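Fold and contact review
Single-letter residue listing:
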Amino acid sequence: LLSLLMVACSQARYQCPHGKPAKTSEASWLENENLMSQQDDRTPKTPDRHIVNLDLPPNERWSDIGKIYANRSDLIVQYFEDMLPSAAVVAIDKIAKHLVGYKGFGDFGDEMKGYAEALDLDLGYVVAANLVYQLESIGVNCSNWNNTGPTGQCGDDDVDEVFWFESDHYLRSLEDEVKTGYCTSVVAEEAGDGILHGRNLDWNLEEELREFIITVDFQRGGSTLYTGSTIVSFVGILNAMKSGDDGFSFSMDARCQGGKLWSNLLEALAFGAMTPCQHSRYVMETATNYDEAVHLFETGHLIDDGYFIVGGASPGQGAVVTRARNRDVDTWPIDSSDDRGWYRLETNYDHDQPVPTADDRRTPGYANMEAIGKEALNEENLLEDVMKQWPTFNPHTDLTCIMSAKYDIYDCSIWLDAA
């Protein structure tokens, strides 16, 4: 397996040191009026909703969903052939088949095996789909590491190498006007002492693949334990909510440009680290209240850095957990003693550090929250006046969700392009 990984990475064209400052001299896409106008014509679609029965053996849990999408599963193969260079596509099936049994996956490995069979896909592609956050690091080079997306701010960790291959996805990204990061999340108190949680997923998927984003009710004993968003073939979750007085919600935003394929996968093999999305499932299925959820997000080995944005069901229960792979960097809670402390908004940069001017979604996000205020905040204006406002909402936004454990709200929309 190690030799296969070395072959895949030997084609690296550039290597970038980790932890450079988040700054840029590039012109910002944020002022592009043409891009702003494009948002007006995008249309929302409610994701298809399915059930995963956690009482079933792991290899049977995703079978019903896989069979529904099996006639379109070639789109998953097409995605990887587009995203990865040809040499990596040849190697990925062999590499991924070996990875499926490593200890960090646990039951998720058997879930992937059953999912692959139901989708009628080679197991390697399903495992690769569950490592997509790591594999997409192949599209990073020294230029966009410094200038776009989640950059720098991780100099406290060991130096890593970022590998770039010349894939079709990468070549198109060079011509893309939007130089955005990956996501905005906000948790906020409202006047009724509840917590509202908004999330935009800015993945920039092709429209056909956006249709693969689904809502799943994860059930035990015939009752829903929690509801989450995921993508067909993916056993992790992108955001989720467990309702009730002890309930909580979470979303995840990328930190430090996402995955670093070589060092992170080696660390996974050595320590049994989970992907952030798989770790999130572990938290949703283990924690019984908000405090336990925050603690679990703060702990555990992860393959990648990330931000976990967590909301509870009571006043004060909201926080942004900033994670390095092996430790909690910072937990930033809602704080009533702070004038702006009734909410916490996270894009893809550490909250106590400046953001690059080319990707400052933080400042307008703060302004939109302040314009509403705690007393007036509700589900509708969080969606319309924050999550759907430029540049929080942009051409790369694929999914928007509004969640609340107290009010049992889980409303999500996939964004389709103008006809």
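In this report, we go over the structure that sits alongside the text.

Rules used in this analysis
Residues numbered from 1 in each chain as written. Predicted model: local features only at pLDDT ≥ 70, side-chain atom pairs only at ≥ 80, totals over all residues. Heavy atoms only, no water. Helix = DSSP H or I, 4+ residues; strand = E, 2+ residues; numbered from the N terminus. Buried < 20%, exposed > 50% of the residue type's maximum accessible area, 1.4 Å probe, protein only. Polar contact = N/O pair within 3.5 Å; in protein donor to acceptor, adjacent residues only side chain to side chain. Pairing = 2+ DSSP bridges. Axes fitted to C-alpha atoms, helices over the stretch in contact; angles between N-to-C directions. Phe/Tyr/Trp six-rings, centres within 6.5 Å; stacked < 30°, edge-to-face > 60°.

In this structure, Asp217 sits in strand β5 (residues 213-220). On the basis of relative accessibility, which here comes to 12%, the residue Asp217 falls in the buried class. A polar contact of 3.0 Å, which involves the side chain of Asp217, links it to the side chain of Arg49. In this structure the side chain of Asp217 is engaged in a polar contact, spanning 2.7 Å, whose partner is the side chain of Thr227.

Turning to the sheet that holds strand β4 (residues 195-201), a few remarks are in order. Spatial strand order, β1-β14-β13-β4-β3-β12: six strands in an open sheet with antiparallel pairing. The sheet is open, and its two edges are formed by β1 (43-45) and β12 (343-346), each paired on a single side. The mean angle between the axes of side-by-side strands here comes to 15°, regardless of whether they run parallel or antiparallel. Direction of pairing for β1 relative to strand β14 (residues 409-416): antiparallel, over a ladder of three bridges. In the strand pairing of β14, Thr43 is matched with Leu416.

Looking now at unusual backbone geometry. With omega at -5°, the peptide bond leading from Trp390 into Pro391 counts as cis. Among the secondary structure elements, Pro391 is positioned in the loop between α16 (379-387) and β13 (399-404). If you check the backbone angles, Asp120 has positive phi at about 60° while not being a glycine. Its location among the elements puts Asp120 in the loop between α6 (107-119) and α7 (123-129).

With that settled, consider the packing of aromatic side chains. If you walk through the whole model with that rule in mind, you get ten aromatic pairs. An angle of 80° between the planes, with centres 5.4 Å apart, marks the rings of Trp29 and Trp390 as edge-to-face. One end of the pair, Trp29, is in the loop between α1 (2-9) and α2 (33-38); the other, Trp390, is in the loop between α16 and β13, and 361 residues separate them in sequence. On the basis of relative accessible area, Trp29 is assigned to the buried category, the value being 3%. Among the aromatic side chains, those forming a connected cluster through ring pairs are Trp62, Tyr115, Phe218 and Tyr226.

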